[in-house]
Amino acid sequence: MRILVVTVVHHPEDARILHRQITALRDRGHHVVYAAPFSAREVRPRPDLEGIDLPRAAGRSRRTAVRAARTLLAERGHEADVILLHDPELLLALPGTLRRWRRSGTGPVVVWDVHEDTAAALAMKRWVPWPLRSPLRLGVRAAERLAERHLRLLLAEDAYQERFSRTHPVVPNFTTAPTLAPEPPDSERVVYVGHLSRARGALDLIETARHLGPGLRVEVAGAADPDVRDALTAADRDGVLRWHGFLPNDRALALLPGALAGLSLLHDQPNYRRSRPTKVVEYMAHGVPVITTPTPLAADMVEQHGCGLVVPYEDPYAAAAAIRRLSTDAILRHTAAQHGREAALTHFNWPDRATEFTRWLEAWVREESGAGRADDAARTRRPRLRPATGRPSPGPRPRPGRVG
């Protein structure tokens, strides 16, 4: 199959998009073109992956990115068997082009990968004015109903099924557990891997590090929202913690082996109550004891599998105390690491779900374009890509604009 993967919101090195889904598709022999905000994020496509550069949608500045995506879909969408969309904003780029494809009878299968509860996430966006939040939530729910009527959906969480009238495949945010046994969690390093924001506990991380005292250190890898960057920069400068900034997923995971604990300090927000934090699964897979706030799915994993400790929301003192407890109790530390590793291999290992993900796309292509086409494509050698220059192809260049 030929698959066009599109995002204007996520980092081009996003673990779910690039490291799991695109890798799984290419391993099955499918040809992938990846359209993402490479220049805006100051990264280049992987050398053997064709990339198309798009503007980034951030804050209120989304119109330019949506226009560019609309132009891309109109110009190149017909070349694909599947278009895999990763942002709800991209639903706005579809209507006219989707109607033309349907009239011609030659359009691709269009799939929306639902990463989060978009309506709940809006309540956490500081750039969304309070008076607009309720109308926007209603608009999002209406858009989801329309998408369900006209597109194929993949869901990142089982709990998202409740937002839709039909049942859709779930592609969970699992991770690939290392094949070799990880290092024991005997270092003095405590790690955090993932995006940083107030609601994700960025300021709690800093205060937790302050309460640890000598002998223990916190390493943080992840991009940060503007309103917490200065605090993280100052904490890094003052030696409170080490902030690596954004790292691609493979480099971020390289920080995990041997770590004393992995932190997940999410606040009590509607969008987090129904999601399984990927970082918790990553810590478990690498044999790192977990310290998490009591978001339901994370707390359930830790308590059910005995792979760490649960601390109260927004309580850096308790988080620091949990770290010190793991530091001084080798039996607890090693047992949590072993249990987490075993659970990740048994229940949360991405290779066990990668084939299921690709087969859903192949089945949808068979349904819409004739039996056997997707299977034949999967058995062929990967198509020869254009010579790699390390630079993405320039995307469409619409006029700039802003969404108020």
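Residues numbered from 1 in each chain as written. Predicted model: local features only at pLDDT ≥ 70, side-chain atom pairs only at ≥ 80, totals over all residues. Heavy atoms only, no water.

A. Local environment of the packing of aromatic side chains. This model, assessed by the stated rule, comprises 4 aromatic pairs. Centroid distance Phe174 to Phe348: 5.5 Å. Interplanar angle 80°. Geometry classified as edge-to-face. Taken as a pair, Phe174 in the loop between strand 6 (152-155) and strand 7 (189-193) and Phe348 in the loop between helix 13 (330-347) and helix 14 (351-369) lie far apart in primary sequence, 174 residues in all. Taking the relative accessible area as the measure of exposure, Phe174 reaches 5% and is therefore buried. Note on Phe348: relative accessible area 9%, which makes it buried. Their ring planes at 40° and their centres at 5.7 Å tell us that Trp360 and Trp364 sit as a pair that is tilted. Here Trp360 pairs with Trp364, and both are found in helix 14, just 4 residues apart, close to one helical turn. (Phe/Tyr/Trp six-rings, centres within 6.5 Å; stacked < 30°, edge-to-face > 60°. Helix = DSSP H or I, 4+ residues; strand = E, 2+ residues; numbered from the N terminus. Buried < 20%, exposed > 50% of the residue type's maximum accessible area, 1.4 Å probe, protein only.)

B. Spatial organisation of unusual backbone geometry. Positive phi, normally seen in glycine, also occurs at Glu42, with a value near 60°. Among the secondary structure elements, Glu42 is positioned in the loop between strand 2 (31-36) and strand 3 (50-53). For Glu42, a relative accessible area of 75% corresponds to the exposed category.

C. View of the sheet that holds strand 7. Spatial strand order, 9-8-7-10-11-12: 6 strands in an open sheet with parallel pairing. A strand with exactly one partner marks an edge of an open sheet, and here the two such strands are strand 9 (242-243) and strand 12 (308-310). Two strands pair when backbone bridges link them, and strand 10 (residues 261-264) and strand 11 (residues 290-292) are joined in this way by 3 bridges, in the parallel orientation. For Leu263, the partnering residue across the bridge sits in strand 11 and is Ile291. Along the sheet face, helix 12 (residues 316-328) touches strand 7, strand 10, strand 11 and strand 12 and points at about 165° away from the line of strand 11. (Pairing = 2+ DSSP bridges. Contact = heavy atoms within 4.5 Å. Axes fitted to C-alpha atoms, helices over the stretch in contact; angles between N-to-C directions.)

D. Representation of the pattern of salt bridges. Under the definition given, this model contains 23 salt bridges. Here Arg276 and Glu157 are joined by a salt bridge, their closest N and O atoms 3.7 Å apart. You can see Arg276 sitting in the loop between helix 9 (270-273) and helix 10 (278-285) and its partner Glu157 sitting in the loop between strand 6 and strand 7, a full 119 residues away along the chain. No difference in accessibility class separates Arg276 from Glu157, as the two residues are buried. Ionic pairing is found between Arg217 and Glu219, a salt bridge with its closest N-O pair at 4.0 Å. We classify Arg217 as partly exposed; its relative accessible area is 44%. Judged by relative accessible area, which is 10%, Glu219 ranks as buried. (Salt bridge = Lys/Arg side-chain N within 4 Å of Asp/Glu carboxyl O.)

E. Representation of the packing of helix 6 (residues 202-212) against helix 12 in the model. The N-to-C vectors of helix 6 and helix 12 enclose an angle of 55°; their axes lie 8 Å apart at closest approach. Considered as vectors, helix 6 and helix 12 are oriented oblique to each other. Read as a crossing pair, helix 6 and helix 12 show a hand that is right-handed. Two secondary-structure elements touch here, helix 6 through Asp204, Glu207, Thr208, His211 and Leu212 and helix 12 through Pro316, Tyr317, Ala319, Ala320, Ile323 and Arg324. (Parallel < 35°, antiparallel > 145°, perpendicular 65-115°, else oblique. Left-handed = near helix turned anticlockwise from the far one by under 90°.)

F. Summary view of helix 7 (residues 226-237). Over its 12 residues, helix 7 runs 17 Å from end to end, which matches the ideal 16 Å to within 8%, given 1.5 Å per residue. Every buried residue belonging to helix 7 is among Val228, Leu232 and Ala235, and all of these are buried. Along helix 7, the residues classed as buried sweep out an arc of 60° about the axis, all on the same side. The exposed residues of helix 7 that point more than 90 degrees off its buried face are Pro226, Asp230 and Arg237. Buried residues along helix 7 sit in contact with helix 6 and strand 9. One or two positions beyond helix 7, positive phi appears at Gly239, with a value near 80°. (Expected span 1.5 Å × (residues − 1). Arc of directions from axis to C-beta.)

G. Expanded view of the environment of Pro312. Secondary-structure assignment places Pro312 in the loop between strand 12 and helix 12. For the pair Pro312 and Thr295, spaced 17 residues apart in sequence, the C-alpha to C-alpha distance is 9.7 Å. Not counting residues up to four positions away in its chain, the partners in contact with Pro312 are Thr293, Pro294 and Ala318.

H. Representation of the confidence of the model for the protein chain in the model. For the protein chain, per-residue confidence averages 88 on the pLDDT scale, and 86% of positions sit at 70 or higher. Residue range residues 379-390 is modelled with pLDDT below 50. Its contacts to residues more than four positions away, or to other chains, number 19 contacts. Predicted confidence for residues 397-404 stays below pLDDT 50, and this span has 15 contacts to residues more than four positions away or in other chains. (pLDDT = per-residue confidence, 0-100.)

I. Quick look at the side chain of His10. With respect to the secondary-structure elements, His10 resides in the loop between strand 1 (2-6) and helix 1 (15-27). His10 sits in the buried class, given a relative accessible area of 18%. A polar side-chain atom of His10 sits 3.4 Å from a polar atom in the side chain of His115. When near neighbours in sequence (up to four residues on either side) are disregarded, His10 contacts Ile17, Pro37, Arg41, His86, Asp87 and His115. (Polar contact = N/O pair within 3.5 Å; in protein donor to acceptor, adjacent residues only side chain to side chain.)

J. Seen up close, the nonpolar core. In this structure, Tyr34, Leu196, Met284, Phe357 and Leu361 are the most contacted members of the largest nonpolar core, which totals 81 residues. With residues near it in sequence (within four places) discarded, Leu361 still touches Met1, Leu25, Val82, Val111 and Leu154. Counting 34 residues, the second-largest nonpolar core is a separate cluster that includes Ala69, Ala80, Leu98 and Leu151. (Core = buried A, V, L, I, M, F, W, Y, C linked by side-chain atoms within 4.5 Å.)

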